[in-house]
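The primary structure of each chain is shown beneath.
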Amino acid sequence: MTDDYKKYLDEGIYDIKSGKYDSAIEKINKSIEIKNDWEISYFYRAVAYQALEHFDEAMLDYTKALQLNEKMTDAYYNRARIILTRKDIKEPDFEAAVENLEKALKLDEKFLDAMYAMAAAHKKLGNYSKALEYLEKLIELEPEAINARAFKKLLLQKYIK
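Cut-off values and rules
Residues numbered from 1 in each chain as written. Predicted model: local features only at pLDDT ≥ 70, side-chain atom pairs only at ≥ 80, totals over all residues. Heavy atoms only, no water. Helix = DSSP H or I, 4+ residues; strand = E, 2+ residues; numbered from the N terminus. Expected span 1.5 Å × (residues − 1). Contact = heavy atoms within 4.5 Å. Core = buried A, V, L, I, M, F, W, Y, C linked by side-chain atoms within 4.5 Å. Buried < 20%, exposed > 50% of the residue type's maximum accessible area, 1.4 Å probe, protein only. Lys, Arg positive; Asp, Glu negative; His and termini not counted. Salt bridge = Lys/Arg side-chain N within 4 Å of Asp/Glu carboxyl O. Phe/Tyr/Trp six-rings, centres within 6.5 Å; stacked < 30°, edge-to-face > 60°. Lys NZ or Arg CZ within 6 Å of the ring centre and 35° of its normal.

**Student:** So what exactly am I meant to see when it comes to helix 3 (residues 39-51) here?
**Tutor:** Turn by turn, an α-helix covers 3.6 residues, leaving residues three or four places apart pointing in a common direction. The end-to-end C-alpha distance of helix 3 is 19 Å, a good match for the 18 Å that 13 residues give at a rise of 1.5 Å each. On its buried face, helix 3 is in contact with helix 1 (4-17), helix 2 (21-34), helix 4 (55-68) and helix 5 (73-85). Just beyond helix 3, the residue with positive phi is Glu-53, at close to 60 degrees.

Pasting the structure below:
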C-alpha cells in the first residue's frame, strides 16, 4: 500500500509515452494524493500538462518539482521552453527563460538542447553575439548539429554584420 504512489506514477508515465495525457494526469494525481513531496510526480504531471498545452499548470508543477529538488535540470529546461514557445502571451519573459537555462546549463554544461534554447532566447532579446556564442559552443560539442549550424548561418547573414 505504501508504494502505491510509485505504481500510479509508473502508470502515468506509461500513459504519457502512449500519448494519453489526461489519463496520465489522473494517475499522477493519485500518486500525489498518497505522497505529495516527491518531485518526480510533479515533473511528469507537468510534462503531461505541457503536452496538452496547459502551460500555466505545467509551469506550476515544474516550479513545485524544483522547490522539492533544485537539481532537476529538465524542469528548468522545460520551463524555459514554455516561455520561448508560448504563442498566447504578448510579451514573454525571455529573461526568465535565460535564467532557467543558465540553471540547467550550470547543472549540465553539455546540455545541447539547453544551449540551442539559450541561443534562441538571446536572439529574441536581441543579444545576437551571445546567441552566436552558445551556438558555437554547441557545434564544438556536436559538430553534426545541423539546426545549430543553420541558426548560426542565419545569425551571421541577417543579424550580425
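**Student:** Help me understand the nonpolar core, please; the structure alone is not making it clear to me.
**Tutor:** Core analysis: the biggest nonpolar cluster contains 50 residues, and Tyr-62, Leu-84, Leu-101 and Leu-105 have the highest contact counts within it. Not counting chain neighbours up to four residues away, the residues in contact with Leu-105 comprise Phe-111, Ala-114, Met-115, Met-118 and Tyr-134.

**Student:** Would you take a moment to explain the side chain of Glu-39 for this structure?
**Tutor:** Mapped onto the secondary structure, Glu-39 falls in helix 3. Despite its burial, Glu-39 pairs with no opposite charge; the closest candidate is Lys-35, at 7.9 Å N-O. Discounting residues that sit within four places of it in the chain, Glu-39 has contacts with Ala-65, Leu-68, Asn-69 and Met-72.

**Student:** I'm lost on the packing of aromatic side chains in this one. Help?
**Tutor:** For any pair of aromatic rings, geometry is given as the distance between the ring centres together with the angle between the planes. Counted under the stated rule, the structure contains six aromatic pairs. On the basis of an interplanar angle of 90 degrees and a centroid distance of 5.3 Å, the ring pair of Phe-43 and Tyr-44 is categorised as edge-to-face. Classification of Phe-43 by relative accessible area gives buried; the value is 10%. Ring-pair connections join several aromatic residues into one group, and the members of that group are Phe-43, Tyr-44 and Tyr-62. Directly above the aromatic system of Tyr-8 lies the positively charged group of Lys-7, at a separation of 4.5 Å from the ring centroid.

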